[in-house]
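Chain by chain, the residues run as shown.
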Amino acid sequence: MREEMSIAHNNYDIIFRSMTEQFKEKALDFYGIHVAPIVRVEPTDLPIIAVNDRRMDFLFLLADDTYLHLEFQTTFREHDLDRFLQYDVSAYEKL
């Protein structure tokens, strides 16, 4: 009897998050992103009590005291940009 497998709809996000957390600086080189060295990976859970729970893919604090927000997206829809903007606004308010 064959067991049915369930794969999360955001499986690429899960893989890229895990991979980037493991490889940190090397991951940014792989993606061709050249910025100041990463100091630490910032928490990306952005709970919104009234609506839902949002989670960015990555938010890094860089050595030059700036933040780098990365999202891995397999589709391109204009409303995704609105979602990313909301992530940045929420992070700004939290930090």
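What you are looking at is a predicted structure, and each value in this text was computed from that prediction instead of being measured.

1. Considering the packing of aromatic side chains
Taken as a whole and assessed by the stated rule, the structure comprises five aromatic pairs. A connected cluster of aromatic rings, assembled from ring pairs, spans Phe 30, Tyr 31, Phe 58, Phe 60 and Phe 72.

2. Looking at the nonpolar core
Core analysis: the biggest nonpolar cluster contains eight residues, these being Leu 28, Ile 38, Phe 58, Phe 60, Leu 62, Leu 68, Leu 70 and Phe 72. Of all elements in the fold, only β4 (58–62) and β5 (67–70) reach the threshold of two or more residues within this core. Looking at this core element by element, the count peaks at three residues for β4. Within the second largest apolar cluster, five residues are counted, among which are Met 56, Phe 84, Tyr 87 and Ala 91.

3. Examining the pattern of salt bridges
Taken as a whole, this structure holds three salt bridges when the rule is applied. Arg 40 is the salt-bridge partner of Glu 42, the closest N and O atoms lying 2.8 Å from each other. Residue Asp 80 is joined to Arg 77 by a salt bridge in which the shortest nitrogen-to-oxygen separation is 3.9 Å. You can call Asp 80 buried: its relative accessible area is 3%. Each of the salt bridges in this network shares a partner with another, and the network as a whole consists of Arg 77, Asp 80 and Arg 83.

4. Concerning the sheet that holds β4
Pairing is antiparallel across the open sheet formed by three strands, whose spatial order is β1-β4-β5. Because the sheet does not close on itself, it has two edges, and the strands there are β1 (38–42) and β5. Ignoring which end each strand starts from, the neighbouring axes of this sheet average 25 degrees apart. Direction of pairing for β4 relative to β5: antiparallel, over a ladder of four bridges. When the sheet's bridge partners are listed, Leu 59 is paired in β5 with His 69.

5. What about the side chain of Glu 42?
Within the element layout of this structure, Glu 42 appears in strand β1. Overall, the relative accessible area of 9% leaves Glu 42 in the buried class. Engagement of the side chain of Glu 42 in a polar contact is seen with the side chain of Arg 40, the distance being 2.8 Å. Those residues within four positions of Glu 42 in sequence are excluded, and the remaining contacts are Leu 59, Phe 60, Leu 61 and Tyr 67.

6. A look at helix α3 (residues 78–94)
The terminal C-alpha atoms of α3, which comprises 17 residues, lie 25 Å apart, in line with the 24 Å expected from a rise of 1.5 Å per residue. Restricting attention to buried positions, one finds in α3 the residues Asp 80, Phe 84, Tyr 87, Ser 90 and Ala 91. Looking straight down α3, one finds its buried side chains confined to an arc of 120 degrees; they lie on one side. Among the exposed residues of α3, those oriented more than 90 degrees off its buried face are Glu 78, Tyr 92 and Glu 93.

The rules behind these values
- Residues numbered from 1 in each chain as written.
- Predicted model: local features only at pLDDT ≥ 70, side-chain atom pairs only at ≥ 80, totals over all residues.
- Heavy atoms only, no water.
- Phe/Tyr/Trp six-rings, centres within 6.5 Å; stacked < 30°, edge-to-face > 60°.
- Core = buried A, V, L, I, M, F, W, Y, C linked by side-chain atoms within 4.5 Å.
- Buried < 20%, exposed > 50% of the residue type's maximum accessible area, 1.4 Å probe, protein only.
- Helix = DSSP H or I, 4+ residues; strand = E, 2+ residues; numbered from the N terminus.
- Salt bridge = Lys/Arg side-chain N within 4 Å of Asp/Glu carboxyl O.
- Pairing = 2+ DSSP bridges.
- Axes fitted to C-alpha atoms, helices over the stretch in contact; angles between N-to-C directions.
- Polar contact = N/O pair within 3.5 Å; in protein donor to acceptor, adjacent residues only side chain to side chain.
- Contact = heavy atoms within 4.5 Å.
- Expected span 1.5 Å × (residues − 1).
- Arc of directions from axis to C-beta.

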